[in-house]
Amino acid sequence: MTAVRETAASRRIVVCVGSGGVGKTTVAAAIALDRALSGGRVLVCTIDPARRLANALGLSSLGNVESRVPDHKFAEAGLRAKGELHAMMLDVKRTWDDLVARHAPDPARRERILKNRLYQQMSSALAGSQEYMAMEKLYELATDRDYDLIVLDTPPTAHALDFLDAPDRILDFLGNDAARVLLAPAIGAGKLGLRLAQIGGGYVAKTLARFTGQAALSDLGDFLQGFQGMYEGFKDRAGAVRALLSRPEVGFVLVTSPSPISIDEAMAFHERLHAESMPVAGLVANRVTPDLWPGAAPLPSPEDLAPPLDARGGNDPGLARRLAETLAEHQALASAERRALERLFESVSAPYAVVPRLESDVHDLRGLARLAERL
Amino acid sequence: MVTGKGGVGKSTVSAALAVLAARAGKRVLVCEVNARERIAPLLGAPPAGSSVREARPGLFTLNVTPHEAMREYGIMVLKFRTIYDAVFENRLVRHFLRVIPSLAELVTLGKILFEAKSEERGRPRWDVVIVDAPATGHAVQLLRVPSALLDTVPAGPLRGDAEWMQALLLDPVRTALAIVTLPEEMPVNEAIELDAQVRNELGIPRAALFVNAMPEVRFTHEEETRLESLVGAPPPLGPAATAARLQALRAEQAQRYLARARAALDLPTTVLPLLPVAEWGAEAVERIADAIAAAPPQGAP
Ligand SMILES: Nc1ncnc2c1ncn2[C@@H]1O[C@H](COP(=O)(O)OP(=O)(O)OP(=O)(O)O)[C@@H](O)[C@H]1O
Ligand SMILES: Nc1ncnc2c1ncn2[C@@H]1O[C@H](COP(=O)(O)OP(=O)(O)OP(=O)(O)O)[C@@H](O)[C@H]1O
Ligand SMILES: [Mg+2]
Ligand SMILES: [Mg+2]
């Protein structure tokens, strides 16, 4: 067993994070599959709008509830699962609705929020909403279900750190007394309200309306008023999610491509996890160019390649030259990637795996199993 | 407007188009909407920050941040800086301005389009404005703002702005949108979806498709078959054949996705080579510019 597989095997929750397109969904599924093959009851919760994972797992669709990957799907891939693999796809809107229902003091309030236009847009309009709901769902699954392992995939963000910041930003917004005071002077003032009153709440609202239009502002006011009093419940819950994420049974897996931009993000993320005492299970460098010419020997020239080519059926037209060029290019890329990754592995002390760029996309169980072997 | 999936080469293509326009003697502004500034560094110049800077003769760059754009727009509308500062620079107000849907997009796009129509001594300030737009989803959110406002906002200053912005965006003489993609499955799928959104929802004139980082076809089919059997040979032939086989496979896949993109999108298409360089910077951008100049998208402005 290799590094990341081994550390992941001791966790009850694994969260895959990384910048956009690096392979979070694929790695999450591979980790889950791996444990299911060796005997665990596993759930992978993905956020893959492209729905390719559903196809890969042989499920016609994935919803906000878990479904089990059928045995025949394993058989078709030449695999046998000693355990069970379950999968689901996060439905952001549904998860919000459930959360509102849980915290609303009465049905009237719940309806008021659910009907608000701004609330309805929120899952797409409010930055970080997906990330927040991913954490929320994870908490629910971790407390209500008895999986041996839950693997959480995280949403495609340009900046991986958004994932950790999103809940706070949204809670700030929901609990923003200032906004509430600005928009609906009728409701509780408090300290912040006073400060704003000094610059004239009514004037501010009027000025803002010149930008946003009155309708948008009324929606916003109504929305925030709806959440009044529910904020504490949300905040407690978010605190509990955070506490959960710092328990040792949790492990973050940082997925990166070998590009400098993605590596920088992984390093920033690691620093952040470290600062917040959140446990890192490992690093996965994905889609790495394999080293075909290890060691310090100089790369072969066309003249070096011509004789063995001649011995095996000929060297025209200029095949030896093209082979030498292609290997040199390949190796230049491989060593640039290796240098970039060494910087990462040196500065981050965590188990790591280097997964090569496979010959084709990973879109079935067999491909996932192959990838898991490299973890 | 240059857009496409994250990481496909939008900034590179934007910078290369700017280089070409500057080579033709035009006064060019490249606007980017990035948390981390990319364009000036790609042109070998120091970061410009959120003000217009000349990266090289005739070629200017600007990184538009919502915060600065909001400030400029606010001051323009309110006329008085002091009022703006009192209202908008208030920490609490700023905080919640950030979450009003579309406001950040509105001021960002407003700033860009304002540059596009600005004049100096009776002449347009810029011959060309190139926008290194955000990745697909965000780009659509950005470009949709004027029409969304026209649907919801009653008469007033905001509506007036939305009107001229929308007119400029939809004008085939002045505006063109280019999609950048890689010859890979996900980026091509996203390009196809994006193109449908541009046609059906945004209505912005579509001009070109750039298929970036195309591996060259280096081996014939016969050679490829032969390579299979050479992979197991002892070094140096074995490793060289392996590298060649991987290259051939990649090129073959890329050809498939290029064909798929061409079939699904009836756009003038320029294919840009995969450049094997370790340091991505000004030199690479020049080479991409040369490649565009050698085979510009037919019929595009
Ligand atoms: N090691 C690999 N070799 C080849 N292809 C891979 C490898 N890992 C992932 N892929 C492919 O790369 C693509 C992107 O992977 P994936 O969807 O897992 O990324 P992601 O990080 O979840 O993306 P997003 O940020 O958009 O959610 C997929 O088509 C996948 O099949
Ligand atoms: N033609 C090419 N050949 C080889 N590598 C390329 C090519 N074009 C781009 N790249 C690589 O891809 C990286 C990303 O390119 P670029 O920054 O232009 O993409 P982008 O679409 O603007 O990304 P983002 O979505 O992050 O803004 C570059 O740093 C470079 O390493
Ligand atoms: Mg994903
Ligand atoms: Mg860019």
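Everything below is about the structure printed above this text.
Computed from a predicted structure; not experimentally measured.

About the cut-offs
Residues numbered from 1 in each chain as written. Chains lettered and ligands numbered in written order. Predicted model: local features only at pLDDT ≥ 70, side-chain atom pairs only at ≥ 80, totals over all residues. Heavy atoms only, no water. Core = buried A, V, L, I, M, F, W, Y, C linked by side-chain atoms within 4.5 Å. Buried < 20%, exposed > 50% of the residue type's maximum accessible area, 1.4 Å probe, protein only. Helix = DSSP H or I, 4+ residues; strand = E, 2+ residues; numbered from the N terminus. Disulfide = S-S within 2.5 Å. Pairing = 2+ DSSP bridges. Right-handed = clockwise from strand over helix to strand, strands pointing away. Near = heavy atom within 4 Å. Polar contact = N/O pair within 3.5 Å; in protein donor to acceptor, adjacent residues only side chain to side chain. Areas by Shrake-Rupley, 256 points an atom, 1.4 Å probe, with all protein chains shown as cover. Nonpolar A, V, L, I, M, F, W, Y, C, P; charged D, E, K, R; others polar. Axes fitted to C-alpha atoms, helices over the stretch in contact; angles between N-to-C directions. Parallel < 35°, antiparallel > 145°, perpendicular 65-115°, else oblique. Contact = heavy atoms within 4.5 Å. Salt bridge = Lys/Arg side-chain N within 4 Å of Asp/Glu carboxyl O.

J.: Requested: an account of the nonpolar core, with residues and values cited.
T.: By size, the foremost hydrophobic cluster in this structure holds 63 residues, and its most contacted members are A:Trp96, A:Phe163 and A:Phe252. The leading source of residues in this core is helix H8 (residues 129-144) of chain A, at eight residues. Among the nonpolar cores identified, the runner-up in size contains 47 residues, and B:Leu103, B:Ile112, B:Met165 and B:Ile179 belong to it.

J.: How would you sum up the state of the cysteines? Please name residues and give values.
T.: Such a bond, covalent and formed between the sulfur atoms of two cysteines, is termed a disulfide. Residue and element names in this part refer to chain A. Overall, the coordinates contain zero disulfides over all chains when judged by the stated rule. There is no disulfide at Cys-16, and the cysteine sulfur nearest it, in Cys-45, is 12 Å away. By relative accessible area, Cys-16 is classed as buried at 0%. For Cys-45, a relative accessible area of 1% corresponds to the buried category.

J.: An account of the pairing of strand E9 (residues 206-214) of chain B is needed here, citing residue identities and associated values.
T.: Residue and element names in this part refer to chain B. Across the nine residues of E9, seven count as buried, placing the element largely inside the fold. Pairing of strand E8 (residues 177-181) with E9, which is carried by five bridges, proceeds in the parallel orientation. The residue bridging Ile-179 from the neighbouring strand is Leu-209, located in E9. Handedness of the β-α-β unit built from E8, helix H9 (residues 185-202) and E9 comes out right-handed.

J.: Please provide a residue-by-residue account of the site of ligand 1, values included.
T.: Lining the immediate environment of ligand 1, one finds 20 residues, of which A:Gly21, A:Lys24, A:Thr25, A:Thr26 and A:Leu358 sit closest. Proximal residues around ligand 1 fall on chains A and B, making this an inter-chain site. Taking A:Thr26, its side chain carries an N or O atom lying 2.4 Å from an oxygen atom of ligand 1. A distance of 3.1 Å separates a nitrogen atom of ligand 1 from a polar atom in the backbone of A:Pro356. Within the complex, the protein chains bury 94% of what would otherwise be the 630 Å² of accessible surface of ligand 1. No other element matches helix H2 (residues 24-37) of chain A, which puts three residues into the shell around ligand 1. By residue class, the composition of the shell around ligand 1 is eight nonpolar, seven polar and five charged.

J.: How would you explain the packing of helix H17 (residues 319-347) of chain A against helix H11 (residues 237-264) of chain B if you had to name every residue and give the values?
T.: It is the contact of H17(A) with H11(B), at a shortest axis distance of 8 Å, that shows an interaxial angle of 80 degrees. In this view, H17(A) runs roughly perpendicular relative to H11(B), as classed from their interaxial angle. For the pair H17(A) and H11(B), the contacting residues are A:Leu323, A:Thr326, A:Leu327 and A:His330 in the first and B:Leu237, B:Pro239, B:Ala240, B:Ala241, B:Ala243, B:Ala244, B:Leu246 and B:Gln247 in the second.

J.: Report on the sheet that holds strand E8 (residues 352-356) of chain A, specifying residues and quantitative values.
T.: Residue and element names in this part refer to chain A. Here eight strands make up an open sheet; going across it, the order is E3-E4-E2-E5-E1-E6-E7-E8 and the pairing mixed. Two strands bound the open sheet, and with one partner strand each, they are strand E3 (67-68) and E8. Lying over the sheet, H2 contacts strand E1 (13-17), strand E2 (41-46), strand E4 (84-89), strand E5 (149-153), strand E6 (250-256) and strand E7 (280-288), oriented at roughly 170 degrees with respect to E5.

J.: A description of the side chain of B:Thr181 should follow, citing residues and the corresponding values.
T.: Residues and elements named next belong to chain B. Of note, Thr-181 is situated in strand E8. Its relative accessible area of 1% is what places Thr-181 among the buried residues. For Thr-181, the side chain forms a polar contact with the main-chain oxygen of Pro-187, separated by 3.1 Å. Only 3.4 Å separates the side chain of Thr-181 from the backbone nitrogen of Val-188, close enough to count as a polar contact. Residues within four places of Thr-181 in sequence aside, it is in contact with Val-8, Pro-187, Val-188, Ala-191, Leu-209, Phe-210, Val-211 and Asn-212.

J.: Describe the site of ligand 2, naming the residues involved and giving the relevant values.
T.: Residues and elements named next belong to chain B. As a structural note, the neighbourhood of ligand 2 is formed by 15 residues, with Gly-7, Lys-10, Ser-11, Thr-12 and Arg-38 the closest of them. Gly-9 is positioned such that a nitrogen or oxygen atom in its backbone is 2.9 Å from an oxygen atom of ligand 2. Lys-10 places a polar side-chain atom, nitrogen or oxygen, 2.7 Å from an oxygen atom of ligand 2. Sorting the residues of the shell around ligand 2 by element identifies helix H1 (10-23) and E9 as the ones contributing at least two each. Among the elements that make up the shell around ligand 2, the one with the highest residue count is H1 (three residues). When grouped by side-chain class, the residues that make up the shell around ligand 2 number seven nonpolar, six polar and two charged.

J.: Mind laying out the environment of A:Thr46, listing which residues take part and the relevant values?
T.: Residues and elements named next belong to chain A. Here Thr-46 is to be found in strand E2. It is 12 Å that separates the C-alpha atoms of Thr-46 and Ser-61, two residues lying 15 residues apart in sequence. If sequence neighbours within four positions are ignored, Thr-46 has contacts with Leu-53, Met-88, Met-89, Leu-90 and Asp-153.

J.: Outline the pattern of salt bridges, supporting the account with residue identities and numerical values.
T.: Residue and element names in this part refer to chain A. As enumerated under the stated definition, the model contains 38 salt bridges over all chains in all. Between Asp-146 and Arg-41 there is a salt bridge; the shortest N-O distance is 3.0 Å. Remark: Arg-41 occurs in strand E2 and Asp-146 occurs in the loop between H8 and E5; sequence separation between them is 105 residues. It is possible to trace a salt-bridge network through shared partners that takes in Arg-102, Glu-136, Lys-137, Glu-140 and Arg-237.

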